[in-house]
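# Architecture at a glance
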Amino acid sequence: MNENKQNTTQQVPSLSGRAREGLALKICGMKYQDNIEQVAALQPDYLGFIFYKKTPRHFDTKIPDIPNSIKKTGVFVNEDLNTIIKKVNEFKLQAVQLHGEEAPYYCNMLRTTTLLSSPVEVIKVFSVKEGFNFDVLKEYEAVCDYFLFDTKGKLPGGNGYTFDWSLLNDYPSTKPFFLSGGIGLDQVEDIKKFKESKAAKYCYALDVNSKFETEPGLKKISILREFKNKLNNKEMQQYNVDEKGYYGEFGGAFIPEMLYPNVEELRQNYLKIMAEPDFQKEFDQLLKDYVGRPSPLYFAKRLSEKYNTKIYLKREDLNHTGAHKINNTIGQILMAKRLGKHRIIAETGAGQHGVATATVCALMGLECIVYMGEIDIARQAPNVARMKMLGAKVVPALSGSRTLKDATNEAIRDWINNPIDTHYIIGSAIGPHPYPDMVTRFQSVISEEIKWQLREHEGRENPDYVAACIGGGSNAAGTYYHFLHDEDVKIIAVEAAGLGVDSGESAATSVLGKEGIIHGCKTLLMQTQDGQITEPYSISAGLDYPGVGPMHAHLAKTGRAEFLSITDDEAMKAGLELCELEGIIPAIESSHALAIFKEKQFKPDDVVVMSLSGRGDKDLQNYIDYFKI
Amino acid sequence: MNRIQTKLQEDKKLLSIYFTAGYPNIDDTVKIIQDLEKNGVDMIEIGLPFSDPLADGPTIQDSSTKALKNGMTTELLFNQIKDIRASVKIPLIIMGYFNPMFQYGVEVFCKKCQDIGIDGLIIPDLPVDVYHEEYQAIFEKYNLANIFLITPQTSDERIKYIDSISNGFIYMVSSASTTGAKSGFGDEQTQYFKRIDDLNLKNPQIVGFGISNNDTFTQATKYAKGAIIGSAFVKHVTNKGVDTIDKFVASVLN
Ligand SMILES: Cc1ncc(COP(=O)(O)O)c(C=O)c1O
């Protein structure tokens, strides 16, 4: 018995140690197998399973194998002691959370009973509101490991069910406690402030649940991750966008006043809309049923053998419409609908984004106009035909270099001329804030999946390298997103060198560009001495852009990402090599990324995850001409 | 008081003309400015051409592309007009996109403007808040008025904010459009002009976009202090060259 108690006490991390590291995290209300595994991958400190029958989050299945470092916690309400003991033994619970009117002796029995196969932490819950009498805690001090303070009452002032934490200023005990009740992403700043306050001296952990759900019991991984990262402050803001829309010195919204109402409307609403359970549900559902996600993470065995390293390909080429672009257009079309827009415009380079936009417009029955450079219309003919079949109007951009940059200009002009009913679906992580961030978030499903898929393959979430090609930077942003702040994951960005970086016919922005403003954001930009934007060149229409998204400009500037430039020739050869070694015909954009294995030596046990952003069907003519097939 | 403010005090409706520097020919800049003043134009917007003029329609896109092909640069423009104040008295404003100014160096650019006698700048893609936070002090140091655009979609609240940090006039874009896209005004525009007039802003408003002749000039200035003609003038010099500027101005004013 004594042994039990000692063990339990030992399990409790010393408070001061914790305080230095930050708060522990308990994620409660787990229900579904896959979801439990995904949440466990985030390595919270506790996972809660509710054994109380009268809740939609009632847990009645099996707990999958999860690391022992995550304490499985059973939540009970005035339950019969024997039942609890049975559950603890059956599910190997490491903690028990008591939500009813359990008396001190009852808690003590749990701590002292010999019927448990291994000891449990006992967490006693108290509902705190104005006028809460902290005296009741006294008799529980000796019989619990932790208190958990929750709230039921709705507070005026609109912050949902979060209670007024300053009530804890009067906390008379030294018992470490969990803070609970309505905690969500919106509370991160409040929590940080709270952590600095006197009331938080004995706060040990946060307990979260409903604010991170798509439906009761189903947790939204990306938001949990964001919450955890933000809370831990691991230089977290450094690579993400700040409140003003900047990544370091890059980003912002340099737009004519004519666009202000539209962009501002989007800025004010995008995060709110993306956080709506309805929105998430529809987005996830479409990605699954319509796009065909998750896209496989494929171990490219023969390619790996050839380059003597471990290469995984994230198969965005297998998405409906043949590239990653559809992840973003699904997200944005749902956004447009919620903003009440019924006319959709887009720019396109390779035609992949145009096709992805035309596709979702057909899906939703919305009018679609796609601007495309005259040159690109010629070199991506199959995609032009696809857009037309899907009911889109394809308008040639005749100005400037008649490629992606000019198509973007035309789309922006269209938006200026149609400010009320139109939404502009930008196809890359570029444009005025909030576009780079919004597009990145929609594409971040790529790295979200890589994490759990790599765990299945390699038993770990983080590869040694993530690599992607960069046009504007959307597939790259999605591939990097959840690794940005894990500095042990190295980031490789691949740009198109065209005929060679110094040839005058190139699109290697990080090498040739200087800080400047294009399409509404401050970023690295290829330009003349005089600030005129220069015309890039690449064999790949999707990489033929004189700028990069502001996030990537920041990654380049800070050295977080290594930038490599790949010529037309190198890319074409790498594309053909993938055909021959793996039976996959890649988009020429993706072939640029594939070419890095000739440029850069990886170690045999390095795990390199590469975004295979698109399939090569659209590029067949290019391949035929190049290789004289 | 700078030239713009003095001009705005005159008891008349003002005509301002935009042209693209370096177009149709690289050396037309000074002649165009002088002829415009001689023929009774009240204010001039000298367009510094940009490769990617987002807020402009095809006419000014074309004139900008050609001006750049002709060899126009920021430095060359400053050189061409360095002695302009010896012959020209009316307010001169440079209109251009932010990137060329940013590359030139905003402060150096502003200083150069002051040295030459430029009175203000119109930079459509420099947003109000960035200006306010990062550049207003520089503009004021060199006594340059920054002219902001408003559109029918701009909220009253935002218009008032823009008014509060403006020190010349407010550029009232007639309808939601790029330059040269629409011509003629309907009830909607008239109501918008009136709505803005009723706000009693401290800065007078000058209407731009969609003004091409005497008719539209008269309509636009019913509730506003003046009007700006851009694309129509650029079209005129495209078709008729720079020797009949007098005819163009006369056709607008009479
Ligand atoms: C297959 C494919 N990959 C990559 C890109 C480049 O775009 P981004 O850098 O936004 O991913 C494109 C653009 O059209 C594309 O079609």
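Since the structure is predicted, the reported quantities are computational estimates derived from the model, not experimental observations. (Residues numbered from 1 in each chain as written. Chains lettered and ligands numbered in written order. Predicted model: local features only at pLDDT ≥ 70, side-chain atom pairs only at ≥ 80, totals over all residues.)

### Regarding unusual backbone geometry
Pro-434 of chain A follows His-433 of chain A through a cis peptide bond whose omega is 15 degrees. Positionally, Pro-434 of chain A belongs in the loop between strand 18 (422–424) and helix 16 (435–443). Pro-24 of chain B follows Tyr-23 of chain B through a cis peptide bond whose omega is -5 degrees. Along the chain, Pro-24 of chain B turns up in the loop between strand 1 (14–20) and helix 2 (29–38). Notably, Lys-92 of chain A is not glycine yet its phi reads approximately 55 degrees, a positive angle. Looking at the secondary structure, you find Lys-92 of chain A in the loop between helix 4 (81–91) and strand 4 (95–98). (Helix = DSSP H or I, 4+ residues; strand = E, 2+ residues; numbered from the N terminus.)

### Description of the environment of Phe-177 of chain A
Residues and elements named next belong to chain A. Within the secondary structure, Phe-177 sits in strand 7 (residues 177–180). The class for Phe-177 is buried, based on 24 C-beta atoms found within 10 Å. Separated by 106 residues in sequence, Phe-177 and Phe-283 have C-alpha atoms that sit 37 Å apart. Setting aside residues no more than four positions away along its own chain, Phe-177 makes contact with Tyr-146, Phe-147, Leu-148, Phe-149, Tyr-202, Cys-203 and Tyr-204. (Buried ≥ 20, exposed ≤ 12 C-beta atoms within 10 Å, placed from the backbone. Contact = placed C-beta atoms within 7 Å.)

### Remarks on the sheet that holds strand 6 (residues 146–150) of chain A
All names here are of chain A. Spatially, the eight strands close up into a barrel ordered 1-2-3-4-5-6-7-8, and their pairing is parallel. Between one strand axis and the next, the sheet turns through 25 degrees on average, direction left out of account. Of the pairings in the sheet, the one linking strand 7 to strand 8 (residues 203–208) comprises four bridges and is parallel in character. Each bridged residue has a counterpart across the sheet, and for Leu-179 the counterpart in strand 8 is Leu-206. (Pairing = 2+ DSSP bridges. Axes fitted to C-alpha atoms, helices over the stretch in contact; angles between N-to-C directions.)

### Quick look at the domain arrangement of chain A
All names here are of chain A. Annotation of chain A at the domain level lists domain 1 (2–233), domain 2 (246–275 + 322–437) and domain 3 (297–320 + 440–627). When each unit is reduced to the centre of its C-alpha atoms, the spacing between domain 2 and domain 3 is 22 Å. Contact with domain 2, which involves 40 residues of that partner, is made by 47 residues of domain 3. Taken together, the elements giving at least two residues each to the side of domain 2 that touches domain 3 come down to strand 12 (250–251), helix 11 (325–338), helix 13 (374–379), helix 14 (381–389), helix 15 (404–417) and helix 16. Residue composition of the side of domain 2 that touches domain 3, grouped by class: 16 nonpolar, 20 polar and four charged. (Domains from an automatic or database assignment. Nonpolar A, V, L, I, M, F, W, Y, C, P; charged D, E, K, R; others polar.)

### Observations concerning the sheet that holds strand 15 (residues 343–348) of chain A
Residue and element names in this part refer to chain A. Ordered by their spatial adjacency, four strands build an open sheet running 17-16-15-18, and the pairing between neighbours is parallel. Whereas interior strands pair on both sides, the edge strands pair on one side only; in this sheet they are strand 17 (393–397) and strand 18. With direction set aside, neighbouring strand axes in the sheet form an average angle of 25 degrees. Pairing of strand 15 with strand 18 involves three bridges; the strand directions are parallel. By the bridge assignment for strand 18, Arg-343 is matched with Thr-422.

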